[in-house]
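Coordinate inspection notes
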Amino acid sequence: MIELDGKVAVVTGGSSGIGLATVELLLQAGAAVALCGRNEERLREAEAKLRDAYPDARLLAAVCDVLKADQVAAFAADVEARLGPADMLVNNAGQGRVSTFADTEDAAWMEELQLKFFSVIYPTRAFLPQLERSGTGAVVCVNSLLARQPEPHMVATSAARAGILNLVRSLATEFAPRRVRVNGILVGLIESGQWRRRFEARPEADRHLDWAAWTARLAQQKHIQLGRLGLPREAAQAILFLASPLSSYTTGSHIDVSGGHSRHA
């Protein structure tokens, strides 16, 4: 495990799933960590568990809607005041929208594009001055394999994810002279509350399948070569690599975390 003592990391959408797993790895590495989320109840529950598991950690948990620039700016100021300037920013927010072109209305397009783009734009803009002063600043964007492998039943999300892929490359080029690296990960099917809910709602004909068997069949149907869904921690490990000095000569890149689901080299 890399040592991140003295470093400050920020994780948006950090109260569950990949975000929470990332917070845990960063704390284990010795970093001070600030996490935010919109749902206060879920955030406080995550905070309590983290403080119990890491009683000596420097931890800040704040309610913040990353689509509201004023809230993000206030969060950035609070992080610097209480933990010090950020060295690492993990942009992790937003779920997928299931819809085809035919049934995606204009408002849904606008909502999806705003969520995917501004959940990256606002935090990056707010924390960039701190990252520049770090000298080893790093931004990691949690993206989806849909960016390169679009699905027709997720047309709006696929298009928005492709835009973030391009944005990461553009920001990496612009920020390189400022000694701030920008990278991303492309996740496939990762175990989550959403998949658990689908499992619980599975049809009667599938009730004989337990979680392991149901997800193994799903992986087979999706042609996932490793034969299972990924774990949040596995995505978090890739994030930790890109956020830390372990990847000091890497920028403008994406790590595929899809278990072989990708059909692209």
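One can find the structure itself at the top, above this paragraph.
The structure contained in this document is the topic of the report that follows. (Residues numbered from 1 in each chain as written. Predicted model: local features only at pLDDT ≥ 70, side-chain atom pairs only at ≥ 80, totals over all residues. Heavy atoms only, no water.)

In this section: the overall build of the protein. Looking only at helices and strands, the protein has eight helices and seven strands in total. Taking 265 residues into account, the globule formula puts the C-alpha radius of gyration at 18 Å, and the protein, at 18 Å, falls close to it. Reported as C-alpha extents along the three principal axes, the dimensions of the protein are approximately 55 × 40 × 35 Å. Across the 265 residues in the protein, those meeting the buried criterion constitute 50%. A total accessible area of about 12,900 Å² is found for the protein, and carbon and sulfur atoms account for 52% of it. The positive charge centre, built from 29 side chains, and the negative charge centre, built from 29, are 4 Å apart in the protein. (Helix = DSSP H or I, 4+ residues; strand = E, 2+ residues; numbered from the N terminus. Rg over C-alpha atoms; globule rule 2.2 N^0.38 Å. Buried < 20%, exposed > 50% of the residue type's maximum accessible area, 1.4 Å probe, protein only. Areas by Shrake-Rupley, 256 points an atom, 1.4 Å probe, with all protein chains shown as cover. Lys, Arg positive; Asp, Glu negative; His and termini not counted. Charge placed at Lys NZ, Arg CZ, Asp CG, Glu CD.)

This paragraph deals with the environment of Ala 172. Mapped onto the secondary structure, Ala 172 falls in helix α5 (residues 155-175). Note on Ala 172: relative accessible area 1%, which makes it buried. The spacing of Ala 172 and Val 139 is 33 residues in sequence and 9.0 Å in space, taken between C-alpha atoms. Once residues lying within four places of it in the same chain are set aside, the contact partners of Ala 172 are Val 182, Thr 251 and Gly 252. (Contact = heavy atoms within 4.5 Å.)

Its place among the elements puts Arg 181 in strand β6 (residues 180-187). Of the buried charged residues, Arg 181 lacks a salt bridge, with Asp 87 as the closest side chain of opposite charge at 11 Å. One polar contact links the side chain of Arg 181 to the main-chain carbonyl oxygen of Ser 247, over a distance of 2.8 Å. Ignoring any residue separated from it by four or fewer positions in sequence, one finds Arg 181 in contact with Gly 137, Ala 138, Val 139, Leu 242, Ala 243, Ser 244, Ser 247, Ser 248, Thr 250 and Thr 251. (Salt bridge = Lys/Arg side-chain N within 4 Å of Asp/Glu carboxyl O. Polar contact = N/O pair within 3.5 Å; in protein donor to acceptor, adjacent residues only side chain to side chain.)

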